Amino acid sequence: MTLSARDVSWGTSGRMIVGGVTLEAAPGKILGLIGPNGSGKSSLLRLLCRLRKVSSGVVELDGRDIGQVSRRELARRLAFVEQQATTEIQLCVCDVVRLGRTPHRSALASWSAADEQAVDAALARVGMSERHDQLWHTLSGGERQRVHIARALAQTPSELILDEPTNHLDIQHQLSILTLVRRLGVTCIVALHDLNLAALFCDEIALLHEGRLVASGTPETVLTEETIRRVFGVAVRIGATASGRRHIEYLVDPDCYGEAAP
Ligand SMILES: Nc1ncnc2c1ncn2[C@@H]1O[C@H](COP(=O)(O)OP(=O)(O)OP(=O)(O)O)[C@@H](O)[C@H]1O
Ligand SMILES: [Mg+2]
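Right, let's walk through the structure included here. Each chain has its residues counted from 1, running along the sequence as written. Note on labels: chains are lettered from A, ligands numbered from 1, in written order. The model is predicted, so local features are restricted to residues of pLDDT at least 70 and side-chain atom pairs to those at 80 or more, both for listing and for counting; the totals for chains, interfaces and linings are taken over all residues. Processing note: side-chain calculations cover all non-hydrogen atoms of the structure and skip hydrogens and water entirely.

## Side note on the overall build of the chain
Here is step 1 of the chain: In terms of regular secondary structure, the chain is built from 9 helices and 12 strands.
Here is step 2 of the chain: As a reference, a globule follows 2.2 Å times the number of residues to the power 0.38, and the radius of gyration itself is taken over C-alpha atoms. For 262 residues, the compact-globule formula gives about 18 Å, and the C-alpha radius of gyration of the chain, at 19 Å, lands near that figure.
Here is step 3 of the chain: Reported as C-alpha extents along the three principal axes, the dimensions of the chain are approximately 60 × 40 × 35 Å.
Here is step 4 of the chain: Exposure classes here rest on a 1.4 Å probe applied to the protein chains alone. A residue is buried below 20% of its type maximum, exposed above 50%, and partly exposed in between. Evaluated residue by residue, the chain yields a buried proportion of 46% over its 262 residues.
Here is step 5 of the chain: In this description, contact between two residues means that some pair of their heavy atoms is separated by no more than 4.5 Å. Sequence-distant contacts, at least 24 apart, represent 62% of the contacts inside the chain between residues at least 6 apart.
Here is step 6 of the chain: Total accessible area on the chain stands at roughly 12800 Å², and carbon and sulfur atoms take up 49% of it.
Here is step 7 of the chain: Only four residue types enter the tally: Lys and Arg on the positive side, Asp and Glu on the negative side; His and the chain ends are excluded. For this purpose, a charge sits on NZ of Lys, CZ of Arg, CG of Asp or CD of Glu. Between the mean site of the 29 positive side-chain charges and the mean site of the 30 negative ones, the chain shows a separation of 6 Å. Strands here mean DSSP runs of E at least two residues long; helices mean DSSP runs of H or I at least four residues long; both are numbered from the N terminus. Values of accessible area rely on a 1.4 Å probe in the Shrake-Rupley scheme; residue burial ignores everything except the protein chains shown.

## Topic: the coordination of the magnesium ion (ligand 2)
Here is step 1 of the chain: A 2.8 Å cut-off from the metal defines N, O and S donors, relaxed to 3.2 Å for Na, K and Ca; water is not in the atom list, so some sites may appear incomplete. Binding of the magnesium ion (ligand 2) to the protein goes through Ser-42 (OG) and Gln-83 (OE1), at separations of 2.0 to 2.2 Å. Of this pair, Ser-42 sits in helix H1 (residues 41-48) while Gln-83 sits in the loop between strand S6 (78-81) and helix H3 (93-98); the two residues are 41 residues apart in sequence, bridging distant segments of the chain.

## Here we look at the pattern of salt bridges
Here is step 1 of the chain: Any carboxyl oxygen of Asp or Glu within 4 Å of a side-chain nitrogen of Lys or Arg constitutes a salt bridge here. According to the stated counting rule, one finds 13 salt bridges in the structure shown.
Here is step 2 of the chain: The salt bridge partner of Glu-82 is Arg-46, with a shortest N-O separation of 2.6 Å. Here Arg-46 lies in helix H1 and Glu-82 lies in the loop between S6 and H3, a separation of 36 residues in the sequence.
Here is step 3 of the chain: Measuring nitrogen to oxygen at the nearest pair gives 3.1 Å for the salt bridge that ties Arg-131 to Glu-143. Of this pair, Arg-131 sits in the loop between helix H4 (113-125) and helix H5 (141-154) while Glu-143 sits in helix H5; the two residues are 12 residues apart in sequence, bridging distant segments of the chain.
Here is step 4 of the chain: Residue classification places Arg-131 among the partly exposed positions, given a relative accessible area of 29%.
Here is step 5 of the chain: If you follow the salt bridges from partner to partner, you end up with Asp-62, Arg-77 and Glu-159 in one network.

## So, the site of ligand 1
Here is step 1 of the chain: Inspection of the region around ligand 1 gives 16 residues, with Gly-38, Lys-41, Ser-42, Ser-43 and His-193 positioned closest.
Here is step 2 of the chain: In this structure, an oxygen atom belonging to ligand 1 sits 3.0 Å away from a side-chain N or O atom of Asn-37.
Here is step 3 of the chain: Residues adjacent in sequence count toward polar contacts only when both atoms are side-chain atoms; beyond that, a polar contact is any pair of N or O atoms within 3.5 Å, and within protein one must be able to donate a hydrogen and the other to accept it. Between Glu-164 and ligand 1, the recorded distance is 3.4 Å, taken from a side-chain N or O atom to an oxygen atom.
Here is step 4 of the chain: Computed on the free molecule, ligand 1 has an accessible area of 640 Å², of which 65% lies beneath the protein chains in the complex.
Here is step 5 of the chain: Going through the elements one at a time, strand S1 (3-12), strand S2 (15-25) and H1 are the ones with two or more residues in the shell around ligand 1.
Here is step 6 of the chain: Per-element accounting of the shell around ligand 1 gives the leading share, 3 residues, to H1. Each residue is tested against the molecule or strand, and it is near if at least one of its non-hydrogen atoms lies within 4 Å.

## As for the environment of Thr-179
Here is step 1 of the chain: Relative to the elements of secondary structure, Thr-179 occurs in helix H6 (residues 171-184).
Here is step 2 of the chain: Thr-179 sits 21 residues away from Leu-200 along the chain, and the two C-alpha atoms are 9.9 Å apart.

Next comes the structure, spelled out in structure tokens:
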């Protein structure tokens, strides 16, 4: 169960947005995708789940060109939670999550108890069971995000692609969603802005800068003071958490930030 990109590029209007990226998500592991705004994270994720066609290179699912995988098989295997997902406003929470079951049902099959169980289990896992019947457009930003994650879970994917899933979430829900993803044991590629969360939850990290992969490997290899300063333009000190993970301290004086280059 692996998803990989080999020398993948994509651009538009003559501009290279993703340039020659090679990476692989190890089965059952979490690969974190980090990089500054506009570095190409969302564009790369869209290529990985075939929402966009590569200009060159190849995306492979278990060694097969993803372009050759049937739409139905892809929808059964791979779930994607977008950075700014929108949903029809007249739906209620359970309807949104039910959409995740679509690839598992044949056109004529009626809604089954197993489908309903998958929906209920997914809502429970993101702590949204009590909002089952609430209208989508009345949810808060963080609640919407959790419902979209529930939709992806109801899909029971073997590959999960998440674009900033912690967006809008309070700290407790950020931690619980990432813990949940770890426990799922599915192959996951997740774009994150919070470097400490990436260090805490990801098995491997890929760092994008201006569309190119500039570092990849374990959090210990990628998250160095020099690399963070060079790519993000921020001075940091690297320490360790109690569990031995990397901890990034930002060396910022809030009263004079921006007056001197880091
Ligand atoms: N369809 C498009 N047409 C033109 N430019 C695009 C298109 N899609 C992406 N871009 C540009 O490509 C660059 C990368 O965008 P992308 O959304 O992949 O960045 P990102 O790393 O996800 O950023 P963020 O951290 O802000 O989410 C941006 O400069 C964006 O404006
Ligand atoms: Mg993005």
